[in-house]
Amino acid sequence: MGKTALIVEGGGQRGVFSFGVVDSFIEGNFDPFDFFVGVSNGASVLFWYLIRDKLNNLEKMLYSADSKYFSYKNIFLGKDILDFYGLFKDAYLHFQPNLSLLKSNLAHRPFLSVVTDAISATPQYINYDQEKIIDILVATGTLPVLVRRPSFISGARVFDGGISDPLPVRKAYEMGARKVIIIRTFPKKQTRTSSLENLIAALYVLKFPKLSKAILNHSKTYNESLQFIDNPPEDLKIYQIQPDAKLETKRNTLNHQILEKDYNLGRMKGKVFLKNYR
């Protein structure tokens, strides 16, 4: 019958929508999956979904929505605009995730986080490692410019997984998935276009020529993934859970009211999906 995969797209603070969806999964005791793939913040969403110690994970996103961890002023101080490592370190101590629960709930199934190799600009799929979990979760969200502190996995310099494989449905298919549920943070018909942000990031990593080119081509990579989703192989069934319109939450939104609104939208969308799916 083939495997069933759960994929969670990235999107920074937009991940609050994804948290709402997986919390509806937790509430509905829904876990038919053979493996999991998370991109950028999507990996963090999966991390807490697999722990399942609470039915409401909104607090994780509200905790991160603090100017202590995000400030454009830091660019003039030579610091990270997004202090990703500091955020994860503090959040780990604050929330004290129960890794025994994660191990038990994971039950030897792959939990992959996507990163982009700095030299080859190819996607790498890093399986869960309890000893390196903070490094992995930081690495998959390490965006050029925003995060200056280098991320290394097994000695290799890596960046945000969304650069090379933002919607890893094809990868899931190659791993044997014939049913994919993907939680998206963008509406169905929204394609990506080149932006000034990508140009700046590409210039920032010029010492990695292939990575720089990949950033410039990011919109093409993203849209090609959308084409695969819209025209999958005959033996692949894809379910997308996503907002109908752009979320009010942006990549770096700190407003708690906006975050809570999009979290509740995610919970509603998740419940509707479960009702129809079952």
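The following refers to the structure shown.

Conventions and cut-offs
Residues numbered from 1 in each chain as written. Predicted model: local features only at pLDDT ≥ 70, side-chain atom pairs only at ≥ 80, totals over all residues. Heavy atoms only, no water. Phe/Tyr/Trp six-rings, centres within 6.5 Å; stacked < 30°, edge-to-face > 60°. Helix = DSSP H or I, 4+ residues; strand = E, 2+ residues; numbered from the N terminus. Buried < 20%, exposed > 50% of the residue type's maximum accessible area, 1.4 Å probe, protein only. Pairing = 2+ DSSP bridges. 1 Å grid on protein atoms, 1.4 Å probe; cavity = no way out; pocket = protein on both sides within 12 Å on 5 of 7 lines; lining within 4 Å. Points joined across faces, edges and corners; volume = space filled by probe spheres on them. Nonpolar A, V, L, I, M, F, W, Y, C, P; charged D, E, K, R; others polar.

## Brief notes about the packing of aromatic side chains
Here's step 1: The final tally for this structure, using the stated rule, is 22 aromatic pairs.
Here's step 2: Ring centres 6.3 Å apart and planes at 70° place the aromatic pair Phe25 and Tyr49 in the edge-to-face group. Taken as a pair, Phe25 in helix α1 (residues 15-27) and Tyr49 in helix α2 (residues 41-51) lie far apart in primary sequence, 24 residues in all.
Here's step 3: Under the relative-accessibility criterion, Phe25 is labelled buried at 0%.
Here's step 4: Where Tyr63 meets Phe95, the ring centres are 5.3 Å apart and the plane angle is 70°; that geometry is what we call edge-to-face.

## Considerations on the pairing of strand β3 (residues 111-117)
Here's step 1: Most of β3 sits out of view: seven of its seven residues are buried.
Here's step 2: Of the two faces of β3, both are covered, the one formed by Phe111, Ser113, Val115 and Asp117 as well as the one formed by Leu112, Val114 and Thr116.
Here's step 3: Judged from the four bridges that link them, strand β2 (residues 35-39) and β3 form a sheet pairing that is parallel. When the sheet's bridge partners are listed, Val37 is paired in β3 with Leu112.
Here's step 4: Relative to strand β4 (residues 123-127), β3 runs antiparallel, the two being bridged by five bridges. Looking at β4, one finds that Val114 is bridged to Tyr125.
Here's step 5: Across three bridges, the pairing between β3 and strand β6 (residues 156-160) is antiparallel. Within the sheet, the bridge partner assigned to Val115 lies in β6 and is Asp160.

## A short note on empty space enclosed by the protein
Here's step 1: The final tally for this structure, using the stated rule, is one cavity of 30 Å³ or more.
Here's step 2: The space that makes up the largest cavity amounts to roughly 480 Å³.
Here's step 3: Asn41, Ser64, Phe84, Leu87 and Phe88 are the residues nearest the centre of the largest cavity, which is lined by 31 residues in total.
Here's step 4: Looking at the lining of the largest cavity, the elements that each hand over two or more residues are α2, α3 (58-64), α4 (84-95) and α6 (133-139).
Here's step 5: Split into classes, the residues belonging to the lining of the largest cavity amount to 20 nonpolar, eight polar and three charged.

## A few points about the layout of surface pockets
Here's step 1: A volume near 930 Å³ is recorded for the largest pocket.
Here's step 2: Every residue lining the largest pocket is counted, 36 residues in all, and those nearest its centre are Arg14, Arg192, Glu197, Asn198 and Arg251.
Here's step 3: Here the lining of the largest pocket takes four residues from helix α8 (residues 196-204), the largest share from any one element.
Here's step 4: Residue composition of the lining of the largest pocket, grouped by class: 14 nonpolar, 14 polar and eight charged.
Here's step 5: Reported here for the second largest pocket is a volume of approximately 290 Å³.
Here's step 6: What lines the second largest pocket is a set of 14 residues, and nearest its centre among them are Ser164, Asp165, Thr221, Glu224 and Ser225.
Here's step 7: Counting only elements with at least two residues in the lining of the second largest pocket, the list comes to β4, α7 (169-174) and α10 (218-230).
Here's step 8: The element that contributes the greatest number of residues to the lining of the second largest pocket is α10, accounting for five residues.
Here's step 9: A breakdown of the residues in the lining of the second largest pocket according to their chemical character gives four nonpolar, four polar and six charged.

Geometry only, nothing functional implied.
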